[in-house]
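What follows is the residue order along each chain.
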Amino acid sequence: MQNLNRIGAWLHRRAENVLAAMLAAMFGLFLIQIVFRYLLNLPTGWSSEASAVLWLWLVLWGAAFVLREDEEIRFDLFLSAAPPRRRRIMLLLSAVALVALYGISLPATVDYVGFMKVEKTAYLKIRFDWLFSIYVIFVLAVLVRYLWLGWRALAGAAPAERDVSKAVSGV
């Protein structure tokens, strides 16, 4: 189990590295847009398109592999006030609902993303199935995460109690 935790921590750090690289590339493209548009008076469409693609991948990659469960944005007024047993039941109900909804939508999602291979982006000519494949990866990661959280809740592990008066942004 310790080896599994070590491998998981290593993979999490690599996912953070990928996220940081995407953010750096997006910032570089933003600077390129400024230079070309305002200094050279040559607006570029490809850099704007690449920034939008990176933003999509950055958000979904981060939500799938970098963001921890306790860092997710949620309305937890009732969860925070509940005793451990009730928090565990709430987590289990949430996990069942999310797994059911994402599980039901997964085949249609995969189908639609596969269908999008007929379209390409305007400037970079990236096939839309490749572009939106990150959403399928995101859905699979959410399914695995909430199957795991649901399993832990069934085994008796309640979500950690949070002191909402000490909430931070995570930055």
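Right above here is the structure, for reference.
Residues numbered from 1 in each chain as written. Predicted model: local features only at pLDDT ≥ 70, side-chain atom pairs only at ≥ 80, totals over all residues. Heavy atoms only, no water.

What exactly am I supposed to notice about helix H4 (residues 84-115) here?
An α-helical segment advances 3.6 residues per turn. Residues three or four places apart therefore align on the same side. Its 32 residues give H4 an end-to-end C-alpha distance of 45 Å, which sits within 8% of 46 Å, the value for a rise of 1.5 Å per residue. A maximum bend of about 40° is found in H4 at Leu106, where proline Pro107 lies one to four positions downstream. Turning to H4, its buried residues are Arg87, Leu91, Ala95, Leu106, Thr109 and Val113. Buried-residue contacts for H4 involve helix H3 (77-81), helix H5 (128-131) and helix H6 (133-154). (Helix = DSSP H or I, 4+ residues; strand = E, 2+ residues; numbered from the N terminus. Expected span 1.5 Å × (residues − 1). Bend = angle between axes of the 7 residues up to and from the residue. Buried < 20%, exposed > 50% of the residue type's maximum accessible area, 1.4 Å probe, protein only. Contact = heavy atoms within 4.5 Å.)

Just checking my understanding: could you explain the side chain of Ser47 for this structure?
Within the secondary structure layout, Ser47 lies in helix H2 (residues 45-66). Looking at Ser47, the relative accessible area reads 0%, which means it is buried.

Just checking my understanding: could you explain the pattern of salt bridges for this structure?
Think of it this way: side chains of opposite charge can pair up when their charged atoms draw near. Inspection of every chain in the model, using the stated rule, returns one salt bridge. Between Asp129 and Arg127 there is a salt bridge; the shortest N-O distance is 2.5 Å. Here Arg127 falls in the partly exposed class, since its relative accessible area comes to 32%. (Salt bridge = Lys/Arg side-chain N within 4 Å of Asp/Glu carboxyl O.)

Looking at this structure, I do not really get the packing of aromatic side chains. What am I missing?
Each aromatic ring pair is summarised here by two numbers: the centre-to-centre distance and the angle between the ring planes. Tallied over the entire structure, the rule returns five aromatic pairs. Centre to centre, the rings of Tyr135 and Phe138 are 5.8 Å apart; their planes meet at 35°, and the pair counts as tilted. One end of the pair, Tyr135, and the other, Phe138, are both in helix H6, three residues apart, so they sit about a helical turn from each other. For Tyr135, a relative accessible area of 31% corresponds to the partly exposed category. Judged by its relative accessible area of 13%, Phe138 is buried. Joined through ring pairs, the aromatic side chains of Tyr102, Tyr135 and Phe138 make up one cluster. (Phe/Tyr/Trp six-rings, centres within 6.5 Å; stacked < 30°, edge-to-face > 60°.)

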